[in-house]
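Results of the structural survey
Chain residues, written in single-letter form:
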Amino acid sequence: QACAGVVSEPRRYDPLLDEDVANRDRIENALFGALERNEFSLVYQPKVQLETGTIVGAEALLRWKNNELGNISPATFIPMAEENGLINIIGDWVLAAACAQVRVWRLQEVATVPISVNLAAPQLRNDSLVSKVTGIINESGSSPQDLKIELTETSLIQDIESSAERIEELRTLGVGIALDDFGTGYSSLSYLHRLPIDVLKIDKCFIDEISPDSGRGRLVKHIINMAHDMGYEVIAEGVESPYQLEVLREFGCDIVQGYVYSAPVAPNTLREMLVEQPFENQAFV
Ligand code: C2E
Ligand code: MG
Ligand code: MG
Ligand code: MG
């Protein structure tokens, strides 16, 4: 998908481009019963510290498998769920499942890492978000430090005043906040310094064409420096090649997520990775 550049139009998802209306209806109808039928699961993608090859976190990503429809991508069903309101209960399930997973790893005496959960715009607009998150953490027997939240620019900017407040409350609780997909939304530099976030995730589209002497490469370098100046940690998303790792290391990027280390994996596979880490750092070869 297109990389927007620093100032641009927000990207809009139009499901009608992918699915005909009938198919979309089938998917949406199935989506209404998906939780009840236990069709959701989470996979986890490691976040790897570039310096050391150590796993410092993992992102929980939702998977949906339906008997008739097969596997359906979150890029298809999350926007639907945002529109029809289902995202609120699906989102609760994701939060609870991620926190429960941390608890399981702890019981298995695995040295756990914080799990990042993606939050959609309607969840952020919900007045009871903070008390809900607190409740889920307490019930699962995990702690706020076990959980991080990823928000997109687009969802943040929709209601920046009240969401900034809510995010601040989450941070006070001890839940870290990351700005996801940076560079694909409005990316207005004028609000960036006002956001109460801890981490900036540079979108894959920037990483795809990274090289030290391309325009886009220089842009990434400046984004990293700027983010560090503001006190944010920087994650590069969608890193696929050792060359990209090398460039990102040169630029001083902190953390990397991408197929170069691992695709999202089942919980047991991540557990094995946590036991066997660090990754051999291909950027050093
Ligand atoms: P995202 O949060 O930006 O997640 C990153 C996406 O990039 C994931 O796709 C991940 O599998 C994929 N990815 C990671 N590394 C690479 C790589 O090296 N190369 C390539 N080509 N792709 C890579 P996925 O799992 O299909 O999720 C797509 C989007 O759906 C997510 O983007 C997020 O916006 C949304 N999503 C997924 N799970 C949830 C959820 O539980 N709640 C909400 N609200 N949204 C979710
Ligand atoms: Mg994310
Ligand atoms: Mg992202
Ligand atoms: Mg993305």
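Above: the structure in question.
Residues numbered from 1 in each chain as written. Chains lettered and ligands numbered in written order. Predicted model: local features only at pLDDT ≥ 70, side-chain atom pairs only at ≥ 80, totals over all residues. Heavy atoms only, no water.

**A short note on the coordination of the magnesium ion (ligand 3)**
Heads up, the condition is: We call an atom a donor if it is N, O or S and sits within 2.8 Å of the metal, or 3.2 Å for Na, K and Ca. Water is not counted, so some sites may look partial. Accessibility here uses a 1.4 Å probe with only protein chains present; expressed as a share of the type maximum, an area under 20% marks a residue as buried, one over 50% as exposed, and anything in between as partly exposed.
For the magnesium ion (ligand 3), the full set of protein donor atoms is Asp-180 (OD), Asp-181 (OD), Glu-237 (OE) and Glu-237 (OE), and the range of their distances to it is 2.0 to 2.5 Å. The metal-metal distance between the magnesium ion (ligand 3) and the magnesium ion (ligand 2) comes to 4.0 Å, with Asp-180 coordinating both. Across this residue pair, the class does not change: Asp-180 and Asp-181 are buried.

**Things to note about unusual backbone geometry**
For the record, the criterion: Only DSSP runs of H or I covering at least 4 residues are called helices, and only runs of E covering at least 2 are called strands; the numbering of each starts at the N terminus.
In the segment running from Gln-277 into Pro-278, the intervening peptide bond is cis, with an omega of 5 degrees. Of note, Pro-278 is situated in the segment after α12 (267–276). Here the phi dihedral of Glu-109 falls at roughly 60 degrees; this positive angle occurs in a residue that is not glycine. Tracing the backbone shows Glu-109 in the loop between α3 (87–107) and β4 (115–118). A relative accessible area of 75% means that Glu-109 is categorised as exposed. We note that Asp-181 has phi near 55 degrees; this positive angle belongs to a residue other than glycine. As for its placement among the helices and strands, Asp-181 is situated in strand β6 (residues 176–182).

**Observations concerning the environment of Leu-119**
As a reminder of what qualifies: By definition in these notes, contact holds between two residues if any of their heavy atoms fall within 4.5 Å.
With respect to the helices, strands and loops of the structure, Leu-119 is situated in the loop between β4 and α4 (121–125). With relative accessibility at 5%, the residue Leu-119 sits in the buried group. On a C-alpha basis, the gap between Leu-119 and Ile-87 in space is 9.2 Å, while along the polypeptide they are 32 residues apart. Once you skip the residues sitting within four places of it in the chain, Leu-119 turns out to touch Leu-95, Leu-129, Ile-149, Glu-150 and Leu-151.

**Some points on the site of ligand 1**
The test is simple: Nearness here has a simple test: a residue counts as near a molecule or strand if at least one of its heavy atoms is within 4 Å of that partner. Whenever a nitrogen or oxygen atom comes within 3.5 Å of another N or O atom, the pair is scored as a polar contact, on the condition that within protein one atom can donate a hydrogen and the other can accept it, and that pairs from neighbouring residues in sequence are kept only if both atoms are in side chains. Note that accessible areas follow from Shrake-Rupley with a 1.4 Å probe, and for residues the cover is restricted to the protein chains shown. Each residue gets one label: Ala, Val, Leu, Ile, Met, Phe, Trp, Tyr, Cys and Pro are nonpolar, Asp, Glu, Lys and Arg are charged, and the others, such as Gly, are polar.
As a matter of local geometry, ligand 1 sits amid 20 residues, with Arg-63, Asn-118, Asp-180, Glu-240 and Tyr-259 nearest to it. Residue Glu-240 places a side-chain N or O atom 2.6 Å away from a nitrogen atom belonging to ligand 1. Within the complex, 80% of the 800 Å² of free accessible area of ligand 1 lies under protein. Counting residues per element, the ones that place at least two in the shell around ligand 1 are β2 (55–66), α2 (74–84) and β6. Here the residues of the shell around ligand 1 are counted per class, giving nine nonpolar, four polar and seven charged.

**Some details on the packing of aromatic side chains**
For any pair of aromatic rings, geometry is given as the distance between the ring centres together with the angle between the planes. Put simply, the test is: Only centres within 6.5 Å qualify two rings of Phe, Tyr or Trp (six-membered ring in Trp) as a pair; their planes then separate them into stacked at under 30 degrees, edge-to-face at over 60, and tilted for everything else. Each ring is checked for a lysine NZ or an arginine CZ that lies within 6 Å of its centre and within 35 degrees of its normal; such an atom marks a charge sitting over the ring.
As enumerated under the stated definition, the model contains six aromatic pairs in all. With centroids separated by 5.0 Å and ring planes inclined at 50 degrees, the aromatic side chains of Tyr-261 and Phe-279 adopt a geometry described as tilted. Of this pair, Tyr-261 sits in the loop between β9 (255–256) and α12 while Phe-279 sits in the segment after α12; the two residues are 18 residues apart in sequence, bridging distant segments of the chain. In terms of burial, Tyr-261 and Phe-279 fall into one category: buried. Through successive ring pairs, a cluster of aromatic residues spans Phe-40, Trp-64, Phe-77 and Trp-93. If you follow Arg-216 out to its NZ or CZ, it ends over the ring of Phe-206, 5.6 Å from the centre.

**Here we look at the pairing of strand β7 (residues 199–202)**
Note the following rule: Any two strands with at least two DSSP-identified bridges between them are counted as paired.
Side chains Val-199 and Lys-201 project from β7 onto one buried face, and the interleaved Leu-200 and Ile-202 project onto a second face that is buried too. Note that β6 and β7 share three bridges and pair parallel. Its bridge partner being in β7, Leu-179 is matched across the sheet by Leu-200. Here β7 pairs with strand β8 (residues 233–236) via four bridges, running parallel. Looking across to β8, one finds that Ile-202 is bridged to Ala-236.

**Comments concerning the side chain of Ser-140**
By secondary structure assignment, the location of Ser-140 is in helix α5 (residues 129–140). Owing to a relative accessible area of 13%, Ser-140 belongs among the buried residues under this scheme. In this structure the side chain of Ser-140 is engaged in a polar contact, spanning 2.9 Å, whose partner is the backbone oxygen of Ile-137. Not counting the four nearest positions on each side in its chain, Ser-140 is found in contact with Cys-99, Ala-100 and Arg-103.

**Examining the pattern of salt bridges**
In plain terms, the rule: Any Lys or Arg side-chain nitrogen located within 4 Å of an Asp or Glu carboxyl oxygen qualifies as a salt bridge.
Tallied over the entire structure, the rule returns 15 salt bridges. Here Arg-171 makes a salt bridge to Asp-198, at a shortest N to O gap of 2.9 Å. Residue Arg-171 is found in helix α7 (residues 160–173), and its partner Asp-198 is found in the loop between α8 (189–192) and β7; the two are separated by 27 residues along the sequence. Looking at Arg-171, the relative accessible area reads 28%, which means it is partly exposed. A single salt-bridge network, built from bridges that share partners, covers Lys-47, Glu-59, Glu-150, Lys-201 and Glu-237.

Honestly, that's just the spatial picture; any functional story needs more than this.
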